[in-house]
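Here is how the chains run, residue by residue.
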Number of protein chains: 2
Amino acid sequence: MKPLLPLPDEITLLSQHACHAGVQRFYQHASKEIGLPMRFSVYLPPQALAGATCPAVFYLAGLTCTEETFMIKGGAQAVAAREGIILITPDTSPRNTNIPGDSDSWDFGVAAGFYLDATETPWSQHYRMHSYIVHELRNILLDHLPMDRQQVGIMGHSMGGHGALVLALRHPEYFHSVSAFAPIAAPTQCPWGNKAFSGYLGSDTTSWRAYDATQLMLNQRQAPFPKGILIDQGLDDKFLAEQLHPDQFAAACQQIQQPLNLRYHAGYDHGYYFITSFIEEHLLHHKQQLTA
Amino acid sequence: MKPLLPLPDEITLLSQHACHAGVQRFYQHASKEIGLPMRFSVYLPPQALAGATCPAVFYLAGLTCTEETFMIKGGAQAVAAREGIILITPDTSPRNTNIPGDSDSWDFGVAAGFYLDATETPWSQHYRMHSYIVHELRNILLDHLPMDRQQVGIMGHSMGGHGALVLALRHPEYFHSVSAFAPIAAPTQCPWGNKAFSGYLGSDTTSWRAYDATQLMLNQRQAPFPKGILIDQGLDDKFLAEQLHPDQFAAACQQIQQPLNLRYHAGYDHGYYFITSFIEEHLLHHKQQLTA
């Protein structure tokens, strides 16, 4: 095992595991944005351990997940090792906030941070996943991992697909490629989004649009990702009809002339057996766009 | 999704998930050997769904695992789909036996069946994982899946590596290729094995030898697997020194002239990040031996 790459003292390495000749690491640090300890995971491919600067892809996970889920279930490291891609997964919400009832729902509160900055009390104090990922975590990693700030992509699943699309559309200067698995593509138009945005952002629905990928796309003056966005969606996904609405995002892309590859797959459901089936094509999508 | 392959009515399909153009299935059935419901998982590659007969590999999991663990964490379906291999994983013990204290230890009782037929009460009534896998489950699957009874391999991890080696050495007529990750290779010589064998088999240690891979190898008159056995072992595995003893199994293979590829890997530990790193080579080992 190669020595650790230097990270600031306030970042604790919780565990590391050799994997596909690279290393899978789990970290904890005291987040200033969140105001609490936060965990994240990093996969460094062998090329990074050997000293190369590598393209990096953030993966944002879905409801109920943690920074571990994708690294355990995604089967991504085999591809990342071969292609020389750094993988990064933050947690899905703050933890241990002491907000009463924050664990009562599986789709709101703990593990359901929706990658936004809450404005409603009591959530606004800690639920700042948007600023945490875009600014704090991204900058820590850029400063201390063998990453190029011009070669950073973002992807995600379900709530994390929403997060990936939103973060990319709001910050195309920071995220240079984007893809999603079964994203909540129009959260202002579905029950999950309505519940989350009501709770975190309040009743003024105009404020919700800043976190709705379809609305954000409709507000573009030209295609923000001219090389194209990739979205995979299973047709046996039980959440497709009510919660996801990739068709609305597709219509917005059409209107803005944003190249999009939206693939509907017969037989596939909402889980990680679906994600792992297409993870290779997503990582190749990112590598191609980040290194072209 | 293709229609189900016919299985007997007493076998219940609990769930299925499209995966790499094949299908991941989880079943439950009323096991006669165990005397209780048992779960198992099957991955059918696209070739099997298209009607081809495929080589099949049993995977036996380790302590604390279930029939799900390998299918979630192993990353094996990507390779199995490409190579046309059926994957099968039984559970690691009976469940819900009502034996007092059966869940008190993580290394004995529930999820720690050690792939043997217990002879000591109260374990002997239900803890019959050896006969269950070798006879009952194997025959059910041979009768109802597109398998060839001459193309069945077996592999496993830790306790399941022990199980794979023991089942293969006791039944080379049923299992035609074998490999293991970090197996408990000489269980009569380690604390895990002593605890399990004392409890399940009693104090007469001569009875233990029938479930010790190293002892079984030493009893061979000639190499039972002339094409070779593959074992991968991480050198950062915290259980290596006290529990696993692959060197003793290697010495037995040398004495019997059994071809062995025992690979020690720097930096790798005992977990699934290790297994997924080498699963492709294990599946290719089995396919090559089963279809040559």
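Structure shown above.
Below is a short write-up of the structure. Since this is a predicted model, take the numbers as computed values, not measurements.

About the criteria used
Residues numbered from 1 in each chain as written. Chains lettered and ligands numbered in written order. Predicted model: local features only at pLDDT ≥ 70, side-chain atom pairs only at ≥ 80, totals over all residues. Heavy atoms only, no water. Helix = DSSP H or I, 4+ residues; strand = E, 2+ residues; numbered from the N terminus. Rg over C-alpha atoms; globule rule 2.2 N^0.38 Å. Buried < 20%, exposed > 50% of the residue type's maximum accessible area, 1.4 Å probe, protein only. Contact = heavy atoms within 4.5 Å. Areas by Shrake-Rupley, 256 points an atom, 1.4 Å probe, with all protein chains shown as cover. Lys, Arg positive; Asp, Glu negative; His and termini not counted. Charge placed at Lys NZ, Arg CZ, Asp CG, Glu CD. Polar contact = N/O pair within 3.5 Å; in protein donor to acceptor, adjacent residues only side chain to side chain. Buried area = accessible area lost by both parts, 1.4 Å probe. Salt bridge = Lys/Arg side-chain N within 4 Å of Asp/Glu carboxyl O. Nonpolar A, V, L, I, M, F, W, Y, C, P; charged D, E, K, R; others polar.

From N to C terminus, chain A includes 10 helices and 9 strands. Against the globule reference of 19 Å for 292 residues, chain A gives a C-alpha radius of gyration of 18 Å, in line with a compact fold. Along the first, second and third principal axes, the C-alpha atoms of chain A reach 50 × 40 × 35 Å. Looking at chain A as a whole, 63% of its 292 residues qualify as buried. Restricting the contact set of chain A to residue pairs at least 6 apart, pairs at least 24 apart contribute 71%. When the accessible surface of chain A is totalled, it reaches about 10,700 Å², and 48% of it is carbon and sulfur. Taking the average place of the 18 positive charges on the side chains of chain A and the average place of its 26 negative ones, the gap between the two points comes to 6 Å.

On to the environment of Pro55 of chain A, then. Residue and element names in this part refer to chain A. Within the element layout of this structure, Pro55 appears in strand β4 (residues 54–60). Linking Pro55 and Ala196, residues 141 residues apart in sequence, is a C-alpha distance of 32 Å. Residues contacting Pro55, with those up to four places away along its chain left out, are Gly84, Ile85, Ile86, Gln151, Leu290 and Thr291.

All names here are of chain A. With respect to the helices and strands, the residue Asp232 is situated in strand β8 (residues 229–234). Polar contacts involving the side chain of Asp232 include one to the side chain of Arg263, which spans 2.6 Å. When sequence neighbours within four positions are dropped, the list of residues in contact with Asp232 reads Ala180, Phe181, Ala182, Arg263, His265, Phe274, Phe278 and His282.

Here we take up the interface of chain A and chain B. On the side of chain B, 20 residues touch chain A, which itself brings 20 residues to the contact. The largest share of the area that chain A buries against chain B comes from Ala18, Ile72 and Tyr273 of chain A, three residues that together contribute 37% of it. If you look at where chain A meets chain B, you find 0 salt bridges. Linking chain A to chain B there are 10 residue pairs in polar contact (both at pLDDT 80 or more). Listing elements by their share of the side of chain A that touches chain B, those giving two or more residues are β1 (11–19), β2 (22–30), α2 (69–73) and α10 (272–291) of chain A. Its residues placed into classes, the side of chain A that touches chain B shows 10 nonpolar, 8 polar and 2 charged.

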